[in-house]
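Secondary and tertiary structure notes
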Amino acid sequence: MSFLSSRTLGLAVALGLMLSASTAWAEAFIVVSTGLPWPGGKVQLFLNNGTYVRWDTQSWHADSGYPRLIDDRSWPGLGRYAEQIAASFPLDGSKVVFFLGRQYLVYDIVADRADPGYPRPIDERSWPGLAPYSGAIIGAMAWPGRRVQIFLNDGRYLRYDLTARRVEPNYPRRVDDQNWPGLGPYAQRISGMTNWPDGSAMIFLHDGLVLRYDIARDRVAQGFPQRMTKGTWPGLRDVLNFYP
């Protein structure tokens, strides 16, 4: 019994060390998880370590004083969920939706606070057809026709019809060059994405590349992917630490 107990203890300790090392390894990397277009030509970029950077699309530079903590002073009602943010998208001119694992939260841009009563569970009443995939969401992109493209961590995506309140038929589908021209080779490397004020979307990869997706032409824009450097993304690259 003593031998088995010692062996069991040894395995438990080893497993604990492995899990600690794995957690520390993951936490060492800081990437863009999602973002939101903001008034004044700004984009709020949310990082996976519970901070955010406000990006100025006109000067093409991070605003001074960032990154800042996502807390209830900077984002009232969102602070306690800062490290659960998986994706977001603009719902209309004044509201945005945050996906938080198996929950979601609606944020009022004008009032600058989360709507009362959130977060709520992603279930068949709130998001019909989406619940089975809620824990796998890694990105979301507002799409013409009141639709949302929702990306999953296995290289697939869903298209959600906000008016009909349902996942469209025959989804999920693969993120490949037939469905997303130019994006296929990067489907398994996406860390986050955001709609951009010019009508395109930026897709960030966990290895330090970024792609601009031309929504109107439905393809990756010419000249991308682009390597994120201090020259191409000044003030943002300094706070990121990519996966190898």
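My aim in this report is to walk through the structure given alongside it, one point at a time. (Residues numbered from 1 in each chain as written. Predicted model: local features only at pLDDT ≥ 70, side-chain atom pairs only at ≥ 80, totals over all residues. Heavy atoms only, no water.)

Topic: the overall build of the chain
Check the secondary structure of the chain and you find one helix and 20 strands. Each of the 244 residues in the chain was classed as buried or not, and the buried ones make up 48%. In the chain, the share of contacts with a sequence separation of at least 24, taken over all contacts with a separation of at least 6, comes to 39%. Approximately 11,900 Å² of the chain is accessible, and the part contributed by carbon and sulfur atoms is 53%. (Helix = DSSP H or I, 4+ residues; strand = E, 2+ residues; numbered from the N terminus. Buried < 20%, exposed > 50% of the residue type's maximum accessible area, 1.4 Å probe, protein only. Contact = heavy atoms within 4.5 Å. Areas by Shrake-Rupley, 256 points an atom, 1.4 Å probe, with all protein chains shown as cover.)

Digging into the pairing of strand β11 (residues 137-143)
Among the seven residues that make up β11, seven are buried, leaving the element largely enclosed by the rest of the structure. When β11 meets strand β12 (residues 147-152), the two strands line up antiparallel, connected through six bridges. The residue of β12 that forms the bridge with Trp143 is Arg147. Between β11 and β12, which follow one another and run antiparallel, lie three residues, and Gly145 among them has a positive phi close to 80 degrees. (Pairing = 2+ DSSP bridges.)

Some remarks on the layout of surface pockets
By rolling a water-sized probe across the atoms, one finds the places where empty space is left. By volume, the second largest pocket is sized at about 230 Å³. Considering the residues around the second largest pocket, the lining is formed by 13 residues, among which Tyr104, Ser126, Trp127, Leu162 and Arg165 are closest to the centre. Considering only residue class, the lining of the second largest pocket consists of nine nonpolar, one polar and three charged. (1 Å grid on protein atoms, 1.4 Å probe; cavity = no way out; pocket = protein on both sides within 12 Å on 5 of 7 lines; lining within 4 Å. Points joined across faces, edges and corners; volume = space filled by probe spheres on them. Nonpolar A, V, L, I, M, F, W, Y, C, P; charged D, E, K, R; others polar.)

Things to note about the packing of aromatic side chains
Throughout the structure, instances matching the rule amount to 28 aromatic pairs. Note on Trp75 and Phe98: the rings are 6.5 Å apart at their centroids and 80 degrees apart in plane angle, and the pair reads as edge-to-face. Of this pair, Trp75 sits in the loop between β5 (68-69) and β6 (87-90) while Phe98 sits in strand β7 (residues 95-100), placing them 23 residues apart in sequence. The residues Trp75 and Phe98 share a single accessibility class, namely buried. (Phe/Tyr/Trp six-rings, centres within 6.5 Å; stacked < 30°, edge-to-face > 60°.)

Some details on the nonpolar core
Soluble, globular proteins show a tendency: their nonpolar side chains are buried together. Core analysis: the biggest nonpolar cluster contains 40 residues, and Phe99, Trp127 and Phe151 have the highest contact counts within it. A per-element tally of this core places β11 first, with five residues. (Core = buried A, V, L, I, M, F, W, Y, C linked by side-chain atoms within 4.5 Å.)

A closer look at the pattern of salt bridges
This structure, assessed with the given rule, holds 15 salt bridges. Taking the shortest distance from any N to any O, the salt bridge between Arg125 and Asp123 comes out at 4.0 Å. Arg147 is paired through a salt bridge with Glu168; the nearest N and O atoms lie 2.3 Å apart. Of this pair, Arg147 sits in strand β12 while Glu168 sits in the loop between β14 (166-167) and β15 (173-174), and the two are 21 residues apart along the sequence. Connected through shared salt-bridge partners, Lys42, Arg54, Asp56 and Asp63 make up one network. (Salt bridge = Lys/Arg side-chain N within 4 Å of Asp/Glu carboxyl O.)

Worth remembering: the numbers are spatial, not functional.
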